[in-house]
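Structural overview
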Amino acid sequence: MGRLFVITLEGSIYSCKHCQTHLALSDDIVSKSFHCRHGKAYLFEKVVNVTVGEKEERMMITGMHTVVDIFCVGCGSIVGWKYEAAHEKSQKYKEGKFILERFKVLGPDGSNYMVSQEAQVGGSDADDA
């Protein structure tokens, strides 16, 4: 295996909760109104230090999307997904953007998002417009 090059971000940073590898900047948040199986999720314009999985079709609350899961390059943990394509015209704005699940990342102040009861009981791996 080759040498791992990790990008270090400056500013208000979201990082992997397992290994603290930098993933995204607060300035790149598009929306904080998304939800996933573990609770809140944020839509980002760009993220760093991730690898992508296989493309798959995933039905979400807002319709069918083509997505790839994204994994931290530091430890291999899944941290969210990337929207490759949206099948609904109204959802095209998501294409090329990334979801980071708050349960899987540390906030800029080092805070860890705790899973709520509602998320565990009725959550899905989908977004909420």
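Residues numbered from 1 in each chain as written. Predicted model: local features only at pLDDT ≥ 70, side-chain atom pairs only at ≥ 80, totals over all residues. Heavy atoms only, no water.

An unreviewed UniProt entry annotates the protein as Protein yippee-like originating from Nyssa sinensis. Listed in UniProt under the heading Sequence similarities (unreviewed entry), the comment for the protein reads: "Belongs to the yippee family." (UniProt positions renumbered as here; feature names shortened; annotations may be inferred.)

Some words on the overall build of the protein
Secondary structure assignment for the protein yields 1 helix and 9 strands. Listed N to C, the secondary structure of the protein is β-β-β-β-β-β-β-β-β-α in terms of helices and strands. Within the span of the protein, comprising 129 residues, buried residues form 43% of the whole. Across the protein, contacts joining residues at least 24 apart in sequence account for 48% of those joining residues at least 6 apart. (Helix = DSSP H or I, 4+ residues; strand = E, 2+ residues; numbered from the N terminus. Buried < 20%, exposed > 50% of the residue type's maximum accessible area, 1.4 Å probe, protein only. Contact = heavy atoms within 4.5 Å.)

A word on the packing of aromatic side chains
The relative placement of two aromatic rings is captured by the distance of their centres and the angle of their planes. Per the counting criterion, the structure on display carries 3 aromatic pairs. Where Tyr14 meets Phe44, the ring centres are 5.5 Å apart and the plane angle is 75°; that geometry is what we call edge-to-face. Of this pair, Tyr14 sits in strand β1 (residues 13-16) while Phe44 is found in strand β4 (residues 39-44), placing the two residues 30 residues apart along the sequence. We note that Tyr14, like Phe44, is buried. One aromatic cluster in this structure is built from Tyr14, Tyr42 and Phe44. Sitting over the face of the ring of Phe103, Lys17 holds its NZ or CZ atom 3.8 Å from the ring centroid. Positioned above the aromatic ring of Trp81, the side-chain terminus of Arg58 is 5.8 Å from the ring centre. (Phe/Tyr/Trp six-rings, centres within 6.5 Å; stacked < 30°, edge-to-face > 60°. Lys NZ or Arg CZ within 6 Å of the ring centre and 35° of its normal.)

Section: the pairing of strand β3 (residues 29-36)
When β3 meets β4, the two strands line up antiparallel, connected through 5 bridges. Bridge pairing in β4 links Phe34 to Ala41. Hairpin connection of β3 to β4: 2 residues between the antiparallel strands. (Pairing = 2+ DSSP bridges.)

Quick look at the sheet that holds β1
Each strand in a sheet pairs with its neighbour through backbone hydrogen bonds, running either in the same direction (parallel) or in the opposite one (antiparallel). With antiparallel pairing, the 3 strands of this open sheet are ordered in space as β2-β1-β9. The open sheet has two free edges, formed respectively by β2 (22-25) and β9 (105-106), since each of these has just one partner strand. As paired elements, β1 and β9 share 2 bridges and run antiparallel to each other. Following the sheet pairing, Ser15 is matched in β9 by Leu106.

Thoughts on the sheet that holds β4
Taking strand neighbours across the sheet as the criterion, the 6 strands line up as β3-β4-β8-β7-β6-β5 in an open arrangement whose pairing is antiparallel. The sheet is open, and its two edges are formed by β3 and β5 (50-60), each paired on a single side. The sheet shows a mean angle of 30° between the axes of neighbouring strands, taken without regard to direction. (Axes fitted to C-alpha atoms, helices over the stretch in contact; angles between N-to-C directions.)

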